[in-house]
Amino acid sequence: MVKSALKEYGIACELNLVEGSMTVSTTRKTRDPYIIVKARDLIKLLSRSVPAPQAIRILNDEMQCDIIKIGNLVRNKERFVKRRQHLVGPNSSTLKALEILTGCYILVQGNTVAAMGSFKGLKQVRRIVEDCIQNKMHPVYHIKILMMKKELEKDPALKNENWDRFLPKFKKKNVKQKKVKSKEKKPYTPFPPPQPPSKVDMQLETGEYFWSNQKKQAKKWQEKQEKQAEKTAENKRKREAAFIPPEEPKEQNAGTSEVKSNDVAAMAISIKKKSKDLGKKKAYENINAEEYIAASGELPMKKKAKRV
């Protein structure tokens, strides 16, 4: 099929199965000098697993090809595989949408992407592929922009205007990743940890292993009764908690009022005492009552001298 297609343009083709190589060369019947470059591109496409009927279309003048190398854009293999899958999409839906919008044939194979189409379409495909693999923009956003451009092309009034104001703008969001909690390393010990005692070992220590079945059942029954008693006591406490009245807020000036009342009582007692002393002295001394009460204990009380 390839030989017959190249023969029409005057190109000779040789396939060496021992070396695994394919050679194209011009003949005397060759008329187009650029057809040899097209034949070289045909060999490139066939080596990238492009089907032969599709690859032969490169010999047409309107058809161009571009082989985009994506293997060296990402170092991590897992990231590369994941981003390449973004380009293909589920059931190759993203790839089919790109083929329709750009008008190019796209084949993702290994570390390269082979594309066939017009110069304008190939330029768009290269930009979309590089943005996807470098994680600059997802192919779905490029598809939305291309769809908007297709709609804007239909309007003749916007033919000579800038379309940036109509196109959607997507900003890259940095999603915060959860930090993995690093566990503290325990000091290395060459000896294994002690084996925890089994149920039989614990029964042997307490002597329960040698009990009769009747005694074991009695112990289980006693433990069950204790658990039930604890549960009933807790439930009763919860029920009674609803009937406890709340504590009333205490007044802040309660302490000061008590102190004041004590001071008033002490003053009343002292005044009564002074009035009694005043009544006794009135008989033999002329003392002013107001002056005596005001002087709070300045003059000491004189004891009466006993007559012998």
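To be clear, the structure that these remarks concern was listed above.
As the structure is a computational prediction, the values presented were derived from the model and not from experiment.

Caption draft 1: How the structure looks around the overall build of the protein. Helix and strand counts for the protein come out as eleven helices and five strands. Counting every position in the protein, which comprises 308 residues, the buried fraction comes to 23%. Contacts in the protein between residues at least 24 apart in sequence constitute 45% of all its contacts with a sequence separation of at least 6. In the form shown here, the protein has an accessible surface area of approximately 26,400 Å², with 54% of it arising from carbon and sulfur atoms.

Caption draft 2: Expanded view of the nonpolar core. In this structure, Ile70, Leu87, Val113, Val125 and Val129 are the most contacted members of the largest nonpolar core, which totals 22 residues. Of all elements in the fold, only α4 (77–88), α5 (93–102), β4 (105–109), β5 (112–117), α6 (119–133) and α7 (139–154) reach the threshold of two or more residues within this core. Looking at this core element by element, the count peaks at six residues for α6. Each residue touching valine 125, except ones within four places of it in the same chain, is listed here: Ile68, Thr102, Cys104, Ile106 and Ala115. Formed by 20 residues, the second largest nonpolar core is a distinct cluster that contains Cys13, Ile35, Val50 and Ala55.

Caption draft 3: Structural view of the sheet that holds β5. With antiparallel pairing, three strands are arranged side by side in an open sheet as β3-β5-β4. Among the strands making up the open sheet, the edge pair consists of β3 (64–69) and β4. Averaged over neighbouring strand pairs, the angle between their axes works out to 15° when direction is ignored. Relative to β5, β4 runs antiparallel, the two sharing five bridges. Paired with glutamine 109 across the bridge in β5 is threonine 112. Seen against the sheet, α6 touches β3, β4 and β5 and runs at an angle of roughly 10° to β3.

Rules and cut-offs
- Residues numbered from 1 in each chain as written.
- Predicted model: local features only at pLDDT ≥ 70, side-chain atom pairs only at ≥ 80, totals over all residues.
- Heavy atoms only, no water.
- Helix = DSSP H or I, 4+ residues; strand = E, 2+ residues; numbered from the N terminus.
- Buried < 20%, exposed > 50% of the residue type's maximum accessible area, 1.4 Å probe, protein only.
- Contact = heavy atoms within 4.5 Å.
- Areas by Shrake-Rupley, 256 points an atom, 1.4 Å probe, with all protein chains shown as cover.
- Core = buried A, V, L, I, M, F, W, Y, C linked by side-chain atoms within 4.5 Å.
- Pairing = 2+ DSSP bridges.
- Axes fitted to C-alpha atoms, helices over the stretch in contact; angles between N-to-C directions.

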